[in-house]
Amino acid sequence: MSFFLTVPGPLDLKATLESGQVFRWEQADGWYWGVIGAHGYALRQGEGGLLVRTGAPSEARAKEALAGFLRLDDDFEGVCREMGRDQRLREALARYPGLRLLRQEPWECLVSFMCSQVSNIPRISQNLRAIAQAHGEAVEMDGRRLYRFPGPERLTEAGAEGLRRLGLGFRAEYVALAAREAAEGRLDLMALREAPYQEAKERLMALRGVGEKVADCALVFSLDKLEAFPLDRWVRRALAEWYGQGEKARYGEALAWAQARWGGRCGYVQQYLFHYRRMVGT
DNA sequence: GGTGCACCTGTTAC
DNA sequence: AGTAACAGGTGCA
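About the cut-offs
- Residues numbered from 1 in each chain as written.
- Chains lettered and ligands numbered in written order.
- Predicted model: local features only at pLDDT ≥ 70, side-chain atom pairs only at ≥ 80, totals over all residues.
- Heavy atoms only, no water.
- Phe/Tyr/Trp six-rings, centres within 6.5 Å; stacked < 30°, edge-to-face > 60°.
- Helix = DSSP H or I, 4+ residues; strand = E, 2+ residues; numbered from the N terminus.
- Buried < 20%, exposed > 50% of the residue type's maximum accessible area, 1.4 Å probe, protein only.
- Lys NZ or Arg CZ within 6 Å of the ring centre and 35° of its normal.
- 1 Å grid on protein atoms, 1.4 Å probe; cavity = no way out; pocket = protein on both sides within 12 Å on 5 of 7 lines; lining within 4 Å.
- Points joined across faces, edges and corners; volume = space filled by probe spheres on them.
- Nonpolar A, V, L, I, M, F, W, Y, C, P; charged D, E, K, R; others polar.
- Near = heavy atom within 4 Å.
- Polar contact = N/O pair within 3.5 Å; in protein donor to acceptor, adjacent residues only side chain to side chain.
- Core = buried A, V, L, I, M, F, W, Y, C linked by side-chain atoms within 4.5 Å.
- Contact = heavy atoms within 4.5 Å.
- Pairing = 2+ DSSP bridges.
- Axes fitted to C-alpha atoms, helices over the stretch in contact; angles between N-to-C directions.

Trainee: Would you take a moment to explain the packing of aromatic side chains for this structure?
Mentor: Any pair of aromatic rings gets described here by the distance separating the centres and the angle formed by the planes. With the rule as written, the count across this model stands at 11 aromatic pairs. Taking 5.7 Å as the distance between ring centres and 50° as the angle between the ring planes, the aromatic pair formed by Phe-76 and Tyr-268 counts as tilted. Placement of Phe-76 in helix α3 (residues 76–83) and of Tyr-268 in helix α14 (residues 266–280) is noted, with a sequence separation of 192 residues between them. For Tyr-268, a relative accessible area of 2% puts it in the buried group. Three or more aromatic residues joined by ring pairs make a cluster, and in this case those are Phe-229, Tyr-243, Trp-257 and Trp-262. The ring of Trp-33 carries the charged tip of Arg-144 above its face, separated from the ring centre by 5.1 Å.

Trainee: Teacher, can you tell me more about empty space enclosed by the protein here?
Mentor: If a probe the size of a water molecule is rolled over the atoms, the empty space left behind becomes visible. This structure, assessed with the given rule, holds 1 cavity of 30 Å³ or more. Its boundaries defined by the atoms lining it, the largest cavity holds a volume of some 40 Å³. Partitioned by chemical class, the residues of the lining of the largest cavity number 5 nonpolar, 2 polar and 2 charged.

Trainee: It is not clear to me how the protein's contact with DNA strand B should be interpreted in this structure. Could you clarify?
Mentor: Neighbouring residues of DNA strand B: Asn-120, Arg-123, Gln-126, Arg-164, Gly-169, Phe-170, Arg-171 and Arg-250. The separation between a sugar or linking oxygen of DNA strand B and a polar main-chain atom of Phe-170 is 3.3 Å. Taking Arg-250, its side chain carries an N or O atom lying 2.9 Å from a phosphate oxygen of DNA strand B. Grouping the constituent residues of the surface near DNA strand B by class yields 1 nonpolar, 3 polar and 4 charged.

Trainee: Got a minute to help me understand the protein's contact with DNA strand C in this structure?
Mentor: Gly-20, Ser-119, Arg-208, Gly-211 and Asp-232 are the nearest of the 23 residues found near DNA strand C. If you look at DNA strand C and keep only atoms within 4 Å of the protein, 64% of those are sugar or phosphate atoms. Within the side chain of Gln-117, an N or O atom sits 3.4 Å from a sugar or linking oxygen of DNA strand C. In the model, a phosphate oxygen of DNA strand C is placed 3.0 Å from a nitrogen or oxygen of the Val-214 main chain. Every element with two or more residues in the surface near DNA strand C is listed here: α11 (212–222), α12 (233–243) and α14. Considering each element in turn, the surface near DNA strand C owes the most residues, 3 residues, to α11. Tallied by class, residues from the surface near DNA strand C come to 8 nonpolar, 10 polar and 5 charged.

Trainee: In this structure, what is going on with the nonpolar core? I would like to understand it.
Mentor: Nonpolar side chains in soluble globular proteins tend to end up buried together. With 72 residues, the main nonpolar core has Trp-107, Leu-110, Leu-204, Phe-229, Trp-262 and Leu-273 as its most contacted residues. Once you skip the residues sitting within four places of it in the chain, Trp-262 turns out to touch Asp-86, Leu-89, Phe-229, Leu-239, Tyr-243, Trp-257, Val-269 and Leu-273. Counting 20 residues, the second-largest nonpolar core is a separate cluster that includes Leu-5, Leu-13, Trp-25 and Tyr-41.

Trainee: Teacher, can you tell me more about unusual backbone geometry here?
Mentor: Peptide bonds are, in most cases, trans, and in most cases residues other than glycine have a negative phi. One non-glycine residue, Val-118, lies in positive phi territory at about 35°. Structurally, the position occupied by Val-118 is in the loop between α5 (106–114) and α6 (121–135). Given the relative accessible area of 63%, Val-118 is considered exposed. The residue Asp-142 is not glycine, and still its phi comes out positive at about 45°. Positionally, Asp-142 belongs in the loop between β6 (138–141) and β7 (144–147).

Trainee: So what exactly am I meant to see when it comes to the sheet that holds strand β1 (residues 2–6) here?
Mentor: Hydrogen bonds between backbone atoms are what pair the strands of a sheet, whose relative direction is either parallel or antiparallel. The strand order across the open sheet formed by 5 strands is β1-β5-β4-β3-β2, and the pairing between neighbours is antiparallel. In this open sheet, the two edge strands, each paired with only one partner strand, are β1 and β2 (26–28). Taking the axes of each pair of neighbouring strands and ignoring which way they run, one obtains an average angle of 35° across the sheet. Relative to strand β4 (residues 39–46), strand β3 (residues 31–36) is paired through 5 bridges, and the arrangement is antiparallel. Across the sheet, residue Trp-33 finds its bridge partner in β4, namely Ala-42.

Trainee: I would appreciate a short explanation of the layout of surface pockets in the present structure.
Mentor: Roughly 940 Å³ of internal volume is contained in the largest pocket. Residue lining of the largest pocket: 40 residues in total, with Val-35, Ile-36, Gly-37, Glu-105 and Glu-108 positioned closest to the centre. For the lining of the largest pocket, the class distribution of residues is 21 nonpolar, 7 polar and 12 charged. In this model, the second largest pocket occupies a volume close to 530 Å³. Along its surface, the second largest pocket is lined by 25 residues, and Ser-116, Ser-119, Lys-213, Asp-232 and Trp-234 are the ones closest to its centre.

As structure tokens, this is what we get:
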């Protein structure tokens, strides 16, 4: 099935899918291929929206899934107007209009950022593809084989050793432990969507291998906590160079500074600072 | 509570 | 081509 998805406001598909939020969307034949929920999708930039091909059962269901994934329920243009009051963000917005935050599936998102520590984007992608290919359910679409991300039960079976063989290194143990907690019902990620920021963050940080930064990534990219502000090397560099903040400031202090300044826009601001600073180069 | 080191291994930089 | 530093942090002494 194929159709056109009208999107209000700017949407830059490439920047959105390649700005380090998601790691498994791949470009081929001029389309971006990936899985949302149980179905395969191919997306392509269009004027005023996206060209969509999908194996989803109905157009209505596909549109609903895409609206959720792309966070079309956010007032993106309103957020941009507010961000535009800041000099640096205005530059970033001019350069990358339509860079969106995504609403990912929490389990894959958590695993993604557990895998991200002291790694790099090519390797993170490789790790996640290896996990999906080895343990995920295949989804056929238009002659391509895509994979769903395996659930906690399956990754519990795979175990730390199995994950290590896929190249996760020391992160394998962390993922295996989190998988077990989720599979046994001690970790309910979906429930954290309803919990307040601080409470959800504390639950995540109780997991081995999840510190403040990884927790904030899971919170902002999958658990609807747009006040989260993941502070990685790039964002710290941006705050130091552009806002006179100490690059070595304690996480909590830098976070408080950002939240006081940007409030519920922190998620979007972080994404723009990260992407812009990374594109500017070292 | 803060500091310094180890952790797997693919990329990247000489 | 080969080698060393570095990479979207975190746990632990």
